[in-house]
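# Architecture at a glance
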Amino acid sequence: MQTLALGGVAITLIILLALVAIAVFWVIGMYNGLVKLRNRYKNAFAQIDVQLKRRYDLIPNLVETAKKYMAHERDTLEAVIQARNAASTARKGVSPDDAQDMQKLMASEGALGGALGNLFALSESYPDLKSNQNMMQLSEELTSTENKVGFSRQAYNDAVTTYNTKRETFPTNIIAGMFNFGEAILFEVSDASEREAVKVEF
């Protein structure tokens, strides 16, 4: 009788240990899933960063070429450079987890897009500039970069949405709260006019 009771206790302990082990592995799986998703959106943000840097590097060359033809449009050219510098500064050290950083970056990117739009609109009045080989090459590279920024931003926003959804759904939200998995911020355009890509045509 005592042997049966000991056998029952042993079986109960084994079952309890198995349940605890399953729970531990389940928690580990949820934690690791959140880490993978967080790393995915951070990598996607790094891809945006690469394209923005390329964009910022192209703009001074574009303005320098335009200066030769648009001497009377000094304010427009300076506005582009100022917007480029502000956006470049906002990009440095930005964290996709920090809403304030992301707001600054989005605002500066919007201002840069507007300034570039003005530059290209004014350049229509300068046929010599439009036919300049260097300007055509720079505008082609900028168009390609603008497209890459758009694709990178879409991939980033998709990764952020997947992460935030996982982080907010039960029961993963418990693990996210316990281990401080904060909300990731979407890279959105606030002004409807900024949603259109900068049109680069020469």
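The preceding data block contains the structure.
Residues numbered from 1 in each chain as written. Predicted model: local features only at pLDDT ≥ 70, side-chain atom pairs only at ≥ 80, totals over all residues. Heavy atoms only, no water.

### As for a nonpolar patch on the surface
On the surface, Val-9, Ile-11, Leu-13, Ile-15, Leu-16, Leu-19 and Ile-22 cluster together into a nonpolar patch covering about 680 Å² of accessible area. Since its relative accessible area comes to 48%, Leu-16 is described here as partly exposed. (Patch = residues over 30% accessible without salt bridge, like charges linked within 9 Å, V, L, I, M, F, W, Y side chains within 5 Å. Areas by Shrake-Rupley, 256 points an atom, 1.4 Å probe, with all protein chains shown as cover. Salt bridge = Lys/Arg side-chain N within 4 Å of Asp/Glu carboxyl O. Buried < 20%, exposed > 50% of the residue type's maximum accessible area, 1.4 Å probe, protein only.)

### What to know about the nonpolar core
Counting 46 residues, the largest nonpolar core has Phe-45, Leu-62, Met-102, Leu-105, Leu-116, Tyr-156 and Phe-187 as its most contacted members. Where this core is concerned, the elements lending two or more residues are α1 (2–67), α2 (74–91), α3 (99–123), α5 (133–168) and α6 (172–178). No other element matches α1, which puts 15 residues into this core. (Core = buried A, V, L, I, M, F, W, Y, C linked by side-chain atoms within 4.5 Å. Helix = DSSP H or I, 4+ residues; strand = E, 2+ residues; numbered from the N terminus.)

### A few points about the packing of aromatic side chains
Per the stated rule, a full pass over the model turns up five aromatic pairs. Centroid distance Tyr-41 to Tyr-156: 6.4 Å. Interplanar angle 70 degrees. Geometry classified as edge-to-face. Taken as a pair, Tyr-41 in helix α1 and Tyr-156 in helix α5 lie far apart in primary sequence, 115 residues in all. By the burial criterion, Tyr-41 is buried, and Tyr-156 matches it. Positioned over the ring face of Phe-187 is Arg-153, at 5.5 Å from the centre of the ring. (Phe/Tyr/Trp six-rings, centres within 6.5 Å; stacked < 30°, edge-to-face > 60°. Lys NZ or Arg CZ within 6 Å of the ring centre and 35° of its normal.)

### Comments concerning the pattern of salt bridges
Inspection of the entire model under this criterion finds nine salt bridges. A salt bridge links Arg-74 to Glu-78; its shortest N-O distance comes to 3.1 Å. Taken together, the residues Arg-74 and Glu-78, both in helix α2 and four residues apart, mark about one turn of the helix. Of the residues examined, Arg-74 reaches a relative accessible area of 56% and is grouped as exposed. Each of the salt bridges in this network shares a partner with another, and the network as a whole consists of Arg-55, Glu-109 and Glu-146.

### With respect to the side chain of Thr-76
Looking at where Thr-76 falls in the secondary structure, it is placed in helix α2. By relative accessible area, which is 16% here, Thr-76 ends up buried. Not counting residues up to four positions away in its chain, the partners in contact with Thr-76 are Asn-118, Leu-119 and Leu-122. (Contact = heavy atoms within 4.5 Å.)

### Focus: the packing of α2 against α3
The contact between α2 and α3 brings their axes to 8 Å, and the two run at 155 degrees. The orientation of α2 with respect to α3, classified from their angle, is roughly antiparallel. The hand of the α2/α3 crossing is left-handed. Along the contact surface, α2 presents Thr-76, Leu-77, Ala-79, Val-80, Ala-83, Arg-84, Ala-86, Ala-87, Ala-90 and Arg-91, while α3 presents Lys-104, Leu-105, Ser-108, Glu-109, Ala-111, Leu-112, Ala-115, Leu-116, Asn-118, Leu-119 and Leu-122. (Axes fitted to C-alpha atoms, helices over the stretch in contact; angles between N-to-C directions. Parallel < 35°, antiparallel > 145°, perpendicular 65-115°, else oblique. Left-handed = near helix turned anticlockwise from the far one by under 90°.)

### Digging into the environment of Met-102
Note on placement: Met-102 falls in helix α3. Ignoring any residue separated from it by four or fewer positions in sequence, one finds Met-102 in contact with Phe-45, Val-94, Ser-95, Pro-96, Tyr-156, Ile-185, Leu-186 and Phe-187.

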